[in-house]
Amino acid sequence: MKVYFVHANDIVSKLMSVRGDGTYYAVLKDLLKVDLLIIDEIGFKKIPQNSVDEFFEIIRRRYENGFVIITTNRPFEEWANIFGDAVLASAIVDRIVHHSHIIKILGKSYRMKNLTKSKN
C-alpha cells in the first residue's frame, strides 16, 4: 500500500504554494492516488482561512474513494473554529464520519507517560 503521512497545516500549505506554479493538480492527484492518507494534528493550529477550501477539496475528493486517517485532539464541535467556516467544517466532518470508525483515546499522551516514567 502507498501511504502518505502529513501534518494538517503542511498539506494545505503545500497546496497553496503550488497554486501559482501550475503544479496544483499534479500535487492534488498525488494526494488522491495514495491508498492511505494520514492527516495528523487537525486543530493543533488553526487552518489558515485562505486554505480551508484546499483542505475541503482533499476530503471531498477522497470521500468514498480512498482511506483517510485523521488525528486530532479537538472534538468535532470545535472544528468550525479551527477552519473559521462553520459550513465548510460541517461538510468536512460529514464526509469524515460517514463510514468511519472513531477511536477516542483518553488519558495522558505517550510522551507524557514516558516523561513521568523517566522521572521515577
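Report on the accompanying structure. None of these values were measured; they are calculated from a predicted model. (Residues numbered from 1 in each chain as written. Predicted model: local features only at pLDDT ≥ 70, side-chain atom pairs only at ≥ 80, totals over all residues. Heavy atoms only, no water.)

## Focus on the nonpolar core
Then step 1. Within the largest apolar cluster, 29 residues are counted, with the highest numbers of intra-cluster contacts made by Ile 11, Leu 37, Ile 42, Phe 55, Trp 79, Phe 83 and Ile 92.
Then step 2. When residues of this core are traced back to their parent elements, those giving at least two are α1 (8-18), α2 (24-33), β2 (36-42), α3 (52-62), α4 (79-83) and α5 (86-97).
Then step 3. For this core, the leading source of residues is α5, giving 6 residues.
Then step 4. Once you skip the residues sitting within four places of it in the chain, Trp 79 turns out to touch Ile 42, Ile 70, Thr 72, Arg 74, Ala 89, Ile 92, Val 93 and Ile 96. (Core = buried A, V, L, I, M, F, W, Y, C linked by side-chain atoms within 4.5 Å. Buried < 20%, exposed > 50% of the residue type's maximum accessible area, 1.4 Å probe, protein only. Helix = DSSP H or I, 4+ residues; strand = E, 2+ residues; numbered from the N terminus. Contact = heavy atoms within 4.5 Å.)

## What about the pattern of salt bridges?
Then step 1. Counted under the stated rule, the structure contains 5 salt bridges.
Then step 2. A salt bridge links Glu 54 to Arg 19; the nearest nitrogen and oxygen atoms lie 3.2 Å apart. Here Arg 19 lies in the loop between α1 and α2 and Glu 54 lies in helix α3, a separation of 35 residues in the sequence.
Then step 3. Its relative accessible area of 4% is what places Glu 54 among the buried residues.
Then step 4. Judged by its relative accessible area of 44%, Arg 19 is partly exposed.
Then step 5. Measuring nitrogen to oxygen at the nearest pair gives 3.8 Å for the salt bridge that ties Glu 78 to Arg 74.
Then step 6. Residue Glu 78 is classed as partly exposed on the basis of its relative accessible area of 32%.
Then step 7. Here the salt bridges share partners, and the residues they tie into one network are Glu 57, Arg 60 and Arg 61. (Salt bridge = Lys/Arg side-chain N within 4 Å of Asp/Glu carboxyl O.)

## With respect to α1
Then step 1. Along α1, the residues classified as buried are Ala 8, Asn 9, Ile 11, Val 12, Leu 15 and Val 18.
Then step 2. Each element contacted by the buried residues of α1 is listed here: β1 (3-7), α2, β2 and α3.

## Points about the pairing of β2
Then step 1. Across the 7 residues of β2, 6 count as buried, placing the element largely inside the fold.
Then step 2. Across 5 bridges, β2 lies against strand β3 (residues 67-72) in parallel orientation. When the bridges of β3 are listed, Ile 42 appears paired with Thr 72.
Then step 3. Handedness of the crossover is the feature at issue here: the chain leaves β2, passes through α3, returns alongside β3, and the resulting connection is right-handed. (Pairing = 2+ DSSP bridges. Right-handed = clockwise from strand over helix to strand, strands pointing away.)

## Let's talk about the layout of surface pockets
Then step 1. If you add up the space inside the largest pocket, you get close to 1,600 Å³.
Then step 2. What lines the largest pocket is a set of 37 residues, among which Ile 69, Ile 70, Thr 71, Thr 72 and Ile 103 lie closest to the centre.
Then step 3. Breaking the lining of the largest pocket down by element, the ones donating at least two residues are β2, α3, β3, α5 and α6 (110-119).
Then step 4. When residues of the lining of the largest pocket are assigned to their parent elements, the largest contribution, 6 residues, is made by β3.
Then step 5. Looking at the lining of the largest pocket, its residues break down into 17 nonpolar, 10 polar and 10 charged. (1 Å grid on protein atoms, 1.4 Å probe; cavity = no way out; pocket = protein on both sides within 12 Å on 5 of 7 lines; lining within 4 Å. Points joined across faces, edges and corners; volume = space filled by probe spheres on them. Nonpolar A, V, L, I, M, F, W, Y, C, P; charged D, E, K, R; others polar.)

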